Amino acid sequence: MVADVSRGVALLIGVGLAVLCLLTAGMLRRPWAYHVGTAIQVASLALGFVIPLMFVLGIIFALLWGGAIALGRKIEREKAAAWNAWLLEQQSEQQGEQQGA
């Protein structure tokens, strides 16, 4: 028993959340998967009302989730900037070749 929750129910909810997290991680190429991941984080935090330790774990994983989203956005911005710089460089080289010919 964990906080008046039977072992079977706790196991079912714990394994269910873990499976949802893994499936969602595999679908993060789709924009809607970020909303699903955030909903899973909220559900994990809400479990704190049943098992108080989940407040601590939920906050830790919510911070990791938020950090991963922020870092991912930063990487995408930097990737786009590098790609644009490369394209400008290629265009500049092509213009130089055309003027030299």
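Use the structure listed above.
Residues numbered from 1 in each chain as written. Predicted model: local features only at pLDDT ≥ 70, side-chain atom pairs only at ≥ 80, totals over all residues. Heavy atoms only, no water.

The helix and strand tally for the protein stands at three helices and zero strands. Traced from its N-terminal end to its C-terminal end, the protein shows the element sequence α-α-α. On C-alpha atoms alone, the protein measures out to a radius of gyration of 23 Å, which is more than a quarter above the 13 Å that the 2.2 N^0.38 rule sets for 101 residues. When each of the 101 residues of the protein is scored for burial, the buried share is 15%. Nonlocal contacts in the protein, meaning residues at least 24 apart in sequence, comprise 41% of its contacts between residues at least 6 apart. Here the protein has roughly 7,900 Å² of accessible surface; of this, 69% comes from carbon and sulfur atoms. (Helix = DSSP H or I, 4+ residues; strand = E, 2+ residues; numbered from the N terminus. Rg over C-alpha atoms; globule rule 2.2 N^0.38 Å. Buried < 20%, exposed > 50% of the residue type's maximum accessible area, 1.4 Å probe, protein only. Contact = heavy atoms within 4.5 Å. Areas by Shrake-Rupley, 256 points an atom, 1.4 Å probe, with all protein chains shown as cover.)

The next subject is the pattern of salt bridges. Tallying each qualifying case throughout the model produces one salt bridge. Of the charged contacts, one joins Glu 76 and Lys 79 as a salt bridge, the two residues approaching to 3.6 Å between their closest N and O atoms. Of this pair, Glu 76 and Lys 79 are both found in helix H3 (residues 53-100), three residues apart, which corresponds to roughly one turn of the helix. (Salt bridge = Lys/Arg side-chain N within 4 Å of Asp/Glu carboxyl O.)

If you check helix H2 (residues 31-46), its first and last C-alpha atoms are 24 Å apart, about what 16 residues at 1.5 Å a residue would give, namely 22 Å. Every buried residue belonging to H2 is among Ala 33, Gly 37, Ile 40, Gln 41 and Ser 44, and all of these are buried. Down the axis of H2, the smallest arc covering the buried residues is 100 degrees, so these residues share one side. The outward face of H2, more than 90 degrees from its buried face, is lined by the exposed residues Pro 31, His 35 and Val 42. (Expected span 1.5 Å × (residues − 1). Arc of directions from axis to C-beta.)

This part covers the packing of aromatic side chains. Both the distance between ring centres and the angle between the ring planes are used here to describe each pair of aromatic rings. The full count for this structure, using the stated rule, is three aromatic pairs. For the pair Phe 49 and Phe 55, a centre-to-centre distance of 5.1 Å together with 85 degrees between the ring planes defines the contact as edge-to-face. The exposure class assigned to Phe 49 is exposed, which follows from its relative accessible area of 71%. (Phe/Tyr/Trp six-rings, centres within 6.5 Å; stacked < 30°, edge-to-face > 60°.)

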